[in-house]
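# Fold and contact review
So the chains spell out like this:
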Amino acid sequence: MPGRVPVRIVRNLNIVIGLQNYDVIVVGAGPAGGMAALTAARLGLRTALVEEHPQVGSPAHCSGKLQLHAFREVDRPPHLIMNTLQAGAFYAPNGAVARVRRSTPDSHVVDRTEFDRWLASEAQAAGAELLLSTRLRAAEHENGMMRVTGERGGRTFASTSSVIIDAEGARPVLPATLGVRLLRRLVFGLQYQMTGIDLEEPDCPEIYLGSSISPGFFAWLMPISGRRARVGLCVDPDLSGRAPIYHLDRVMREHPVASTRLRHARIERKLAGPIPVLGARRPTVIGGMLLAGDAAGQVKATSGGGIYFSLIAGRLAAQSAARYLGGESRGLEDYERAWRRRFGRELKFTAFARATLNRMTDDEINALIAAIGSDDSFRSAIEEHGDTAFQSRLLLPLLRRSLHPSRLGAASGAMVKALRYGLRALWDDGAHLATQTDGPRASGLGPRK
Ligand SMILES: Cc1cc2nc3c(=O)[nH]c(=O)nc-3n(C[C@H](O)[C@H](O)[C@H](O)COP(=O)(O)OP(=O)(O)OC[C@H]3O[C@@H](n4cnc5c(N)ncnc54)[C@H](O)[C@@H]3O)c2cc1C
């Protein structure tokens, strides 16, 4: 660990509360913010981790599926692991299924509330100051520093720092106050934690595809223990005028597979939240502010998974801040290059794959799933190369199998059709994807409280 970076002293006279100034203010105590604060504190930076809610991790808004890769970013917290996943079952709208089973586990399921709390407490133990019930509303540049203002316990809060790491989640407000309007496309998720489910395999999440089932996304059933699972879906408001609750209740009642699993099930808990699925868009460095996690759109648009990349981005942002404070003038700019090197390709690939999937009709999805389900070669490609964190690794093996001369028959026809959609999506990527839908429209979710 490098030595402590010298702290810049700034005199600030207009502060109502929050008299401190810091090297780094991290906004939001989710995975991106928790990891940023932990890393910054361990690097010796005077760090504040600011969270609007009175407790970290609450309200929860996530299924908690986290790839094993992620446990190389954090010291493995074994008590937080609820289940381990090694397989997957992909259901077409007509009930046809393609099952895959890897030889090693892919992901754990964690309790997100506990995970976020654990991360924040590690950051505190490393020296970060945790400021709860503190909602920031604006950021500005002031004499070479960053200044944030907001509220804390009903009073005005203000503070200064050399660097802000903005980890506000899917709907960040601070970039706009610095004059930057971020382009985002949001889908809106709703999930029930349920018990009394007739699960088929405890390590196998089920994915229910189809534009009639979950427009612009998919529905899922993710086992967590015994007969318990998380059952949810997301909806793209551009593709359905109905709220997620309408679609989820329909899946539970009418889906040919899910409805039988859930016949005797009972809801224990509900949660909801938006997911940015446009893929990352510039900028993620705005003067002295670095964006990390959902705030930067660092989410796989296919699956909505963002925890792993949020952890990486939080760590890289803090490391960039430390380099900048240590005297490297390009330290902050390098953040964008660093995270793109680690997972930029995945964001591009999954945004493209999402655009492709969104173009497929339910009949075409039925044919595709039937093709994969009945063809050992496709299945074994997925089992061998499939990695839910790095989904682009599957593209070449699938292409190779689809286009092999000996195989140009019924099975690869569906795959080739999907590829044609992919190419068309690539062609008009900008026009199709770059729709600003950053609002509560048709979501059934109001503005954040
Ligand atoms: C239904 C659903 C299921 C999901 N399932 C999975 C999954 O299984 N696996 C996976 O990898 N991803 C999943 N995701 C995505 C995942 O939740 C996000 O990618 C991840 O939480 C992003 O972390 P973050 O730190 O960027 O933001 P968040 O976790 O959203 O954290 C942001 C924090 O900042 C706080 N905050 C926001 N604004 C301010 C402000 N102005 N001042 C102070 N505090 C502020 C918020 O209260 C919050 O605590 C799911 C998402 C949804 C909606």
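The sections below set out a description of the structure shown in this document. These numbers were taken from a predicted model, which means no experiment stands behind them. (Residues numbered from 1 in each chain as written. Predicted model: local features only at pLDDT ≥ 70, side-chain atom pairs only at ≥ 80, totals over all residues. Heavy atoms only, no water.)

### What to know about the sheet that holds strand β6 (residues 97-101)
The strands that make up a sheet are held in pairs by hydrogen bonds between backbone atoms, and each pair lies either parallel or antiparallel. Note the following rule: Here, a strand pair is defined by DSSP locating no fewer than two bridges between the strands. Only runs of H or I of at least four residues qualify as helices and only runs of E of at least two qualify as strands under DSSP, and these elements are numbered from the N terminus. Only the stretch in contact is used when fitting a helix axis, every axis being a line fitted to C-alpha atoms; angles between N-to-C directions are given from 0 to 180 degrees.
Here seven strands make up an open sheet; going across it, the order is β6-β5-β13-β14-β15-β12-β16 and the pairing mixed. Since the sheet does not close on itself, it has two edges, and those belong to β6 and β16 (266-276), each with one partner. Geometrically, the sheet is characterised by an average inter-axis angle of 20° between neighbouring strands, direction not taken into account. Relative to strand β15 (residues 228-235), strand β14 (residues 219-225) runs antiparallel, the two sharing six bridges. By the bridge assignment for β15, L221 is matched with V231.

### Points about the pattern of salt bridges
Rules: For this analysis, a salt bridge means a side-chain nitrogen from Lys or Arg found within 4 Å of a carboxyl oxygen belonging to Asp or Glu. Partly exposed describes any residue whose relative accessible area lies between the buried limit of under 20% and the exposed limit of over 50%, with all areas from a 1.4 Å probe on protein chains only and scaled to the type maximum.
Applying the stated rule across the entire model yields 26 salt bridges. Note that E201 is salt-bridged to R99, the shortest N-O span being 3.8 Å. Taken as a pair, E201 in the loop between β12 (186-195) and β13 (206-208) and R99 in strand β6 lie far apart in primary sequence, 102 residues in all. With relative accessibility at 31%, the residue R99 sits in the partly exposed group. Between R228 and E268 there is a salt bridge, with the nearest N and O atoms lying 3.2 Å from each other. Of this pair, R228 sits in strand β15 while E268 sits in strand β16, and the two are 40 residues apart along the sequence. Several salt bridges share partner residues, and in doing so they unite R99, R101, E200, E201, D203, E206 and R261 into one network.

### Re the pairing of strand β7 (residues 107-110)
Side chains S107 and V109 of β7 all project onto a buried face; the interleaved residues H108 and V110 project onto the opposite face, where all are buried too. Across three bridges, strand β3 (residues 65-67) lies against β7 in antiparallel orientation. Residue pairing in the sheet places L66 in a bridge with H108 of β7. Bridge count between strand β4 (residues 81-85) and β7: four bridges; the pairing is antiparallel. Within the sheet, the bridge partner assigned to I81 lies in β7 and is V110.

### Side note on the packing of helix α6 (residues 307-325) against helix α7 (residues 333-359)
Definition in use: Convention used here: angles under 35 degrees read as roughly parallel, angles over 145 as roughly antiparallel, angles from 65 to 115 as roughly perpendicular, and any remaining angle as oblique. Definitions for this section: a left-handed crossing has its near helix turned counterclockwise from the far helix by less than a right angle. A right-handed crossing has that turn clockwise. Residues are treated as being in contact if the distance between any of their heavy atoms lies within 4.5 Å. Only Asp, Glu, Lys and Arg are considered charged, only Ala, Val, Leu, Ile, Met, Phe, Trp, Tyr, Cys and Pro nonpolar, and every remaining residue, Gly among them, polar.
The N-to-C vectors of α6 and α7 enclose an angle of 165°; their axes lie 8 Å apart at closest approach. The angle between the axes of α6 and α7 places the two elements in the roughly antiparallel class. Handedness of the crossing formed by α6 with α7: right-handed. Seen from α6, the contacting residues are Y308, F309, I312, A313, L316, A317, S320 and R323; seen from α7, they are D334, Y335, A338, W339, R342, F343, E346 and L347. Counted by class, the contact of α6 with α7 contains eleven nonpolar, one polar and four charged residues.

### Observations regarding unusual backbone geometry
Of the consecutive residues S58 and P59, the connecting peptide bond is found in the cis state with omega at 0°. On the secondary structure map, P59 appears in the loop between β2 (47-50) and β3. In this structure, N143 takes a positive phi of about 50° despite not being glycine. Examined against the element boundaries, N143 turns out to sit in the loop between β9 (134-142) and β10 (145-152). For N143, a relative accessible area of 78% translates into the label exposed.

### A few points about the packing of aromatic side chains
Operational definition: Two aromatic rings from Phe, Tyr or Trp, using only the six-membered ring of Trp, form a pair when their centres are within 6.5 Å; if the ring planes differ by under 30 degrees the pair is stacked, by over 60 it is edge-to-face, and anything between is tilted. Put simply, a charge is over a ring when the Lys NZ or the Arg CZ is close to the ring centre, within 6 Å, and near the line of the ring normal, within 35 degrees.
A full pass over the atoms with the stated rule returns ten aromatic pairs. Look at Y308 and F309: their rings are 5.6 Å apart centre to centre, the planes differ by 35°, and that puts the pair in the tilted class. Considered together, Y308 and F309 belong to a single accessibility category, that of buried residues. Ring centres of F309 and F390 lie 6.2 Å apart, and the angle between their planes is 55°; on these two criteria the pair is classed as tilted. Residue F309 is located in helix α6, and its partner F390 is located in the loop between α9 (376-385) and α10 (395-403); the two are separated by 81 residues in the primary sequence. Of the two residues examined, F309 and F390, each falls in the buried class. Here the guanidinium or amino end of R242 rests over the ring plane of Y246, the centre of that ring lying 4.2 Å away. It is K300 that lies over the ring of F309; its NZ or CZ is 5.4 Å from the centre.

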